[in-house]
Amino acid sequence: MMTLDKIAPLTAAALTALALAGCGSLAPGGANPPAPGAPVSPAWKGAASNVDWISANARRQWQTGQWWRLFGDAQLDELMPRVEVGNQNLAQAVANVAQARALLEQAQAARWPTLGLNLSASRSGKPASGTSGLNASGSWSPDLWGNLADAVRQQEANVQISQANLAEALLSAQGSFAQGYFTVREADAELALLDEIIAGYERAETITQNNYDAGISARTDLLQAQSALASARASRDQLAASRDTAEHALALLLGVPPAQFSLPRGQWTATVPQVPASLPADLLLRRPDIASAERAVAAANANIGIARAAYFPNIGLTASAGGAASSLSRLASAPVLAWALGLTAAEALFDGGARQGAVKQAQAERDADVATYRQTVLTAMGQVEDDLTNLSALAEQIEQTRIAAQAAQGVVERMMNSYQAGISAYTDVVTAQQTALTDRRSVLQLQLQRQQTAVGLIQALGGGWIAPWTGDKDGADGDVADSPAVTGGADPGMPSQGH
């Protein structure tokens, strides 16, 4: 009679033989298909070719993902880590990563045998007598066609997608917080400017009132002075409300109610850091959305292999062994009374084209993901080019507007002196004041636009992130221009029309 110690080696040998018989993958390109080709330019149209990091510290901050420190604002440096802790969109993305990893564990478990153990005991009759039984069973579906391995690869890609989506959500939240923070600080600078202007308008109104009381100025001059002052005060009230709204948005990004967050007025550091634009090819590994789109292609490619495996029979192996004894104490030493080994195979002979349709659907899904990936690459390159162009244009705009503001302020002083000398009308003074105020506020607003554009460029370049599955742990700048995904050469991973 065959016992458990004799069955175990035979079972192990059978399992090993079936495991060795399995193939790698029926997916296009096999188990490790190359990424699809993407239309990537060799260099940026709007970037200087010799631009590099201005310091090793700035480069290190970029590589560690702490890009906001490049702006040199201590308050921003203090607040930014709270975004990662309190933002609920990030919490959702973290949970999505955990869910994807749990699904990967399930997919990996499907490749292993399932084992079971059943212990029973009963007692009956007069006089009473009892029996005890122990039955062990196992089943396994060997991965002969690679469909289980493809399912694991598909879920591994889904985990990577969730990781990239988390990185994208973090970068988006950090970018939004930085831009909102700069909006608040620019509003502080404008409020300080308006306070200065209002103080000047109040002095002008006092002078005009005295001149009117003395019969030197007309009443229209006084009304114009009062109108200019009231208009400036209204602008300040509007700007203060806008600042409060921006502050509320910051609170939400930190994950707290607006009533529990306050950012006192402070100095604005209008720094625009130098952020060298790496090669366009680097975006393929450093933009989370591009990495996510590429991993979606990999997941869809593995799904083709799963669909193709349905053309082949399902093989199953089962084994069972059991014994019985008059009591539980004797069960462990009882001989095996029964054992069984089984092999099953199931194959659909006719399905009306269902399997063919499933393969075509999987291929079409991959084609759609490839198109999404390529469009994501194009969109990313367009964003970088736009930000590079805007940064350059805004720098020139700021310089010219600053010159205009200085000239306009000089006009205000001359018009006021001319008015007090009785040479000019007060209308000329008001006009000069309005022009000077508009130009000075425009300088601040353009500085804000340039700072926010710099944040946009940082986001467009990936914020120093790099896909963790590439093996580049330190995030150092590298050259991926020679990778198959960039060159756009032959793509053996593209779905074929056959089965």
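Here is a short report on the structure shown in this document. Keep in mind the model is a prediction, meaning the values are calculated, not measured.

### Structural notes on the overall build of the protein chain
Move 1: In terms of regular secondary structure, the protein chain is built from 12 helices and 4 strands.
Move 2: Looking at the protein chain residue by residue over its 499 residues, the buried ones come to 40%.
Move 3: Split by element, the accessible area of the protein chain, about 25,300 Å² in all, is 55% carbon and sulfur.

### So, helix H3 (residues 74-86)
Move 1: Every buried residue of H3 is listed here: Leu76, Asp77, Leu79, Met80, Val83 and Gly86.
Move 2: On its buried face, H3 sits against helix H4 (88-109), helix H5 (147-213) and helix H6 (219-254).
Move 3: Capping of H3 at its N-terminal end is provided by Asp73; its side-chain oxygen lies 3.0 Å from the backbone amide nitrogen of Gln75.

### Section: the side chain of Asp387
Move 1: Considering the arrangement of structural elements, one finds Asp387 in helix H10 (residues 354-420).
Move 2: Arg287 provides the closest opposite charge to the buried, salt-bridge-free Asp387, at an N-O distance of 7.1 Å.
Move 3: Contact partners of Asp387, with chain neighbours within four places excluded, come to Thr453, Gly456, Leu457 and Ala460.

### So, the nonpolar core
Move 1: One finds Trp67, Phe177 and Phe182 to be the most contacted residues of the largest nonpolar core, which totals 66 residues.
Move 2: Of all the elements in the fold, those that place two or more residues in this core are helix H2 (56-63), H3, H5, H6, helix H7 (283-286), helix H8 (288-309), H10 and helix H11 (426-460).
Move 3: In terms of residue count, H5 provides more of this core than any other element does, 15 residues in total.
Move 4: Residues within four places of Phe177 in sequence aside, it is in contact with Leu76, Leu79, Met80, Val83, Leu250, Leu253 and Leu254.
Move 5: Ala204, Met416, Tyr419 and Val430 belong to the second-largest nonpolar core, a separate cluster that totals 7 residues.

### Digging into the pattern of salt bridges
Move 1: Under the definition given, this model contains 13 salt bridges.
Move 2: Taking the shortest distance from any N to any O, the salt bridge between Asp77 and Arg69 comes out at 3.7 Å.
Move 3: The class for Arg69 is partly exposed, based on a relative accessible area of 31%.
Move 4: Across the salt bridge formed by Arg265 and Asp195, the nearest N and O atoms sit 3.8 Å from each other.

### Some details on the packing of H5 against H8
Move 1: Axis separation between H5 and H8 bottoms out at 8 Å; the angle between their running directions is 165 degrees. Classed by the angle they form, the pair H5 and H8 counts as roughly antiparallel. In terms of crossing hand, the pair formed by H5 and H8 is left-handed.
Move 2: Here the contact of H5 with H8 is built from residues that sort into 13 nonpolar, 8 polar and 5 charged.

### As for the packing of H6 against H11
Move 1: Between H6 and H11, the least distance of the axes is 9 Å, while the angle of their chain directions is 15 degrees. Overall, the two elements H6 and H11 adopt an arrangement that is roughly parallel. Crossing of H6 over H11 shows right-handed handedness. From H6, Asp221, Gln224, Ala225, Ala228, Ser235 and Leu239 reach across to H11, where they touch Tyr426, Thr427, Val430, Gln433 and Arg441.
Move 2: Among the residues forming the contact of H6 with H11, the class breakdown is 5 nonpolar, 4 polar and 2 charged.

### Considerations on the packing of aromatic side chains
Move 1: Summed over all chains, the structure comprises 6 aromatic pairs.
Move 2: Pairing Trp67 with Trp68 gives two aromatic rings, centres 5.8 Å apart and planes at 80 degrees, and the pair type is edge-to-face.
Move 3: Ring geometry for Trp465 against Trp469: centres 6.3 Å apart, planes inclined by 70 degrees, an arrangement best described as edge-to-face.
Move 4: Through a chain of ring-to-ring contacts, the aromatic side chains of Phe71, Tyr181 and Phe182 assemble into a single cluster.

### Quick look at H2
Move 1: Among the residues of H2, those classed as buried are Ala58, Gln61 and Trp62. The buried residues of H2 occupy one face: seen down the axis, they fall within an arc of 100 degrees.
Move 2: Those residues of H2 hidden inside the fold are in contact with H11.
Move 3: One or two steps after H2, the chain reaches Gly65, where phi turns positive at roughly 80 degrees.

Conventions we followed
- Residues numbered from 1 in each chain as written.
- Predicted model: local features only at pLDDT ≥ 70, side-chain atom pairs only at ≥ 80, totals over all residues.
- Heavy atoms only, no water.
- Helix = DSSP H or I, 4+ residues; strand = E, 2+ residues; numbered from the N terminus.
- Buried < 20%, exposed > 50% of the residue type's maximum accessible area, 1.4 Å probe, protein only.
- Areas by Shrake-Rupley, 256 points an atom, 1.4 Å probe, with all protein chains shown as cover.
- Contact = heavy atoms within 4.5 Å.
- Polar contact = N/O pair within 3.5 Å; in protein donor to acceptor, adjacent residues only side chain to side chain.
- Lys, Arg positive; Asp, Glu negative; His and termini not counted.
- Salt bridge = Lys/Arg side-chain N within 4 Å of Asp/Glu carboxyl O.
- Core = buried A, V, L, I, M, F, W, Y, C linked by side-chain atoms within 4.5 Å.
- Axes fitted to C-alpha atoms, helices over the stretch in contact; angles between N-to-C directions.
- Parallel < 35°, antiparallel > 145°, perpendicular 65-115°, else oblique.
- Left-handed = near helix turned anticlockwise from the far one by under 90°.
- Nonpolar A, V, L, I, M, F, W, Y, C, P; charged D, E, K, R; others polar.
- Phe/Tyr/Trp six-rings, centres within 6.5 Å; stacked < 30°, edge-to-face > 60°.
- Arc of directions from axis to C-beta.

Coordinates in, geometry out; function isn't part of it.
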